[in-house]
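Examination of the molecular architecture
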Amino acid sequence: MEDILKEIFIGWNNIFQTATVKKLLWDGLTVVNCTAKAMSDTASMACEMLKPRLPVTIAEYEPGIFKLAFFRHKNNSNDGQFRVNSGIEDYRKLGRIIAWKGQSNLTNWDGEFCNRIDGTDSTIFPPFQSSHDKVVIFLTDLCRSMYAEFDSYVTWRGVRMMYFPGSPLNLKAAADYPPNICFCEHIEDEPPQCLKSGVLDVFNCQGVSVIVSSPHFYNASTEYQSYVQGLNPDREKHETFIYIEPQTGVVLRGSKRIQLNMFLTQMEEMSVLHNVSEGLFPLLWAEE
């Protein structure tokens, strides 16, 4: 494998590359070049095998040139058709997603709880919210529903609102919150392979080996928080939350904050990975 990487992978001898933010997010950073004339048969075969197996973050921009861009695939994107409850028969169901892409449940995960399509798209909620209500939001990027629980009443710009932070149970380890076991990796005849608290493997959703978390591993296992120097989890900066006006259900303020991470793994057979320290490496975080 290393011989093939030397032929086609840009920067094969260094695990880190330097690029502008614009290239990393939108324009694309060249990672594989399959245009060399004197390429070996093995490398040519590898290039052909790449094309039908590309994750959404990598595309062939021109023949033989493959580039990585974290969010280019989201430009002009369409999340698919939603079927949504109008709330006419029951106002408490206003905005609730009934089906996505013609399906009332997902098939990405290994269990009914994880495959449940529940909640709204976060732009609309039923009126007459109470402190006993739980806010549920369905996120297509994660192929799952996420929950927020009432914390307190707050006043913002003179309006009394309800403050709903994201529930810690959303990304709680299965060992501490058994319903989340269906988000673990299930291999036949083996025990489920589960991550620690605070992260979610979205390979079953996006087809990319990316682990999502809150920024700076907020509310995540200390093992993840201590792997990289410089992390400083802060509720004010890194929590996902939503403010709802209780009588109308109108969203007045909110932030969705998410971090993308990848596991860094030692591989003795590849010189570039000989001396890496293994752990969950943060790539970037974004706020919407």
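Residues numbered from 1 in each chain as written. Predicted model: local features only at pLDDT ≥ 70, side-chain atom pairs only at ≥ 80, totals over all residues. Heavy atoms only, no water.

Basically, it comes down to this: UniProt positions are given in the numbering used here, feature names are shortened, and annotations may be inferred rather than shown by experiment.
As named in an unreviewed UniProt entry, the protein chain is Lysosome membrane protein 2, taken from Cryptotermes secundus. In its Sequence similarities (unreviewed entry) section, the UniProt entry covering the protein chain states "Belongs to the CD36 family." The record held by UniProt for the protein chain lists under Subcellular location (unreviewed entry) the comment "Cell membrane".

**Brief notes about the sheet that holds strand β8 (residues 152–156)**
Applied cut-off: In this analysis, strands are considered paired if DSSP registers two or more bridges between them. By the criteria applied, helices consist of DSSP H or I runs no shorter than four residues and strands consist of E runs no shorter than two, each listed in order from the N terminus. Throughout, an axis means a line fitted to C-alpha atoms (over the contacting stretch in the case of helices), and angles, computed between N-to-C directions, take values from 0 to 180 degrees.
Strand order in the open sheet made by the four strands is β8-β9-β12-β13, with antiparallel pairing throughout. Strands at the two margins of the open sheet, each flanked by one partner only, are β8 and β13 (251–255). Across the sheet, the mean angle separating the axes of adjacent strands is 30° when strand polarity is ignored. Where strand β9 (residues 159–165) and strand β12 (residues 241–244) come together, four bridges link them in antiparallel fashion. For F164, the partnering residue across the bridge sits in β12 and is I242.

**Let's talk about the pattern of salt bridges**
When charged atoms on two side chains of opposite charge get close, those side chains can pair. Rule in force here: What makes a salt bridge here is a side-chain nitrogen of Lys or Arg within 4 Å of a carboxyl oxygen of Asp or Glu, nothing more. Accessible area is worked out with a 1.4 Å probe on protein chains only. A residue is then buried under 20% of its type maximum, exposed over 50%, and partly exposed in between.
Evaluated as defined, the whole model comprises eleven salt bridges. Between E288 and K256 there is a salt bridge, with the nearest N and O atoms lying 3.4 Å from each other. With a gap of 32 residues between them, E288 in the segment after β15 (279–287) and K256 in the loop between β13 and β14 (257–264) connect regions that are remote in the sequence. You can call E288 exposed: its relative accessible area is 64%. One network of salt bridges, in which partners are shared, links E48, K51 and E60.

**Thoughts on the side chain of N170**
Heads up, the rule is: By definition, residues are in contact when any of their heavy atoms lie within 4.5 Å.
Along the chain, N170 falls in the loop between β9 and β10 (199–201). On the basis of relative accessibility, which here comes to 6%, the residue N170 falls in the buried class. Those residues in contact with N170, other than ones at most four positions away along the chain, are R144, M146, Y147 and N180.

**Focus on the state of the cysteines**
Definition in use: Throughout, disulfides are identified as pairs of cysteine sulfur atoms within 2.5 Å of each other.
Considering all chains together, one arrives at four disulfides under this definition. Linked covalently through their sulfurs, C34 and C47 form a disulfide whose S-S length is 2.0 Å. The disulfide joining C34 to C47 has a torsion of about -90° about its S-S bond and is therefore left-handed. In this pair, C34 is assigned in the loop between β1 (29–33) and α3 (41–50) and C47 in helix α3, connecting sequence segments 13 residues apart. Disulfide partner of C143: C205, at an S-S distance of 2.1 Å. Between C143 and C205, the disulfide has an S-S torsion of 70° and is therefore right-handed. Separated by 62 residues along the polypeptide, C143 in the loop between β6 (134–139) and β7 (144–149) and C205 in helix α4 (residues 203–206) bring together distant segments of the chain. Overall, the relative accessible area of 5% leaves C143 in the buried class. Cysteine pairing for the protein chain, with bonded cysteines counted in sequence order: 1-2, 3-5, 4-8, 6-7.

**Some thoughts on the domain arrangement of the protein chain**
Condition: Start and end points for every domain follow an automatic or database-based domain assignment. Amino acids are sorted into nonpolar (Ala, Val, Leu, Ile, Met, Phe, Trp, Tyr, Cys and Pro), charged (Asp, Glu, Lys and Arg) and polar (every other residue, Gly among them).
In terms of domain boundaries, the protein chain breaks down into domain 1 (1–75), domain 2 (79–166) and domain 3 (183–239 + 256–287). Each of domain 2 and domain 3 was reduced to a C-alpha centroid, and the two centroids are 26 Å apart. Across the contact, 14 residues belong to domain 2 and 13 residues belong to domain 3. In this assembly, domain 2 and domain 3 are joined by one salt bridge. A salt bridge links D151 to R235; the nearest nitrogen and oxygen atoms lie 3.6 Å apart. A per-class count over the side of domain 2 that touches domain 3 returns eight nonpolar, two polar and four charged.

**Description of α3**
Heads up, the rule is: When we speak of the arc, we mean the arc of directions from the helix axis to the C-beta atoms.
Those residues of α3 that fall on the buried side of the exposure criterion are A43, A46 and C47. Each buried residue of α3 lies within a common arc of 100° when the element is viewed along its axis, so the set occupies one face. The exposed residues of α3 that point more than 90 degrees off its buried face are D41 and E48.

**Some words on the nonpolar core**
Heads up, the rule is: Joining through side-chain atoms within 4.5 Å is the link that ties buried Ala, Val, Leu, Ile, Met, Phe, Trp, Tyr and Cys residues into a set, and such a set is a nonpolar core.
Counting 32 residues, the largest nonpolar core has W109 and L200 as the members making the most contacts within it. Among the elements of the structure, β5 (97–100), β6, β7, β9 and β12 are those that each provide at least two residues to this core. Residue contributions to this core peak at four residues, all from β6. Residue-level mapping places this core at the junction of two domains, with at least three residues from each of domain 2 (79–166) and domain 3 (183–239 + 256–287).

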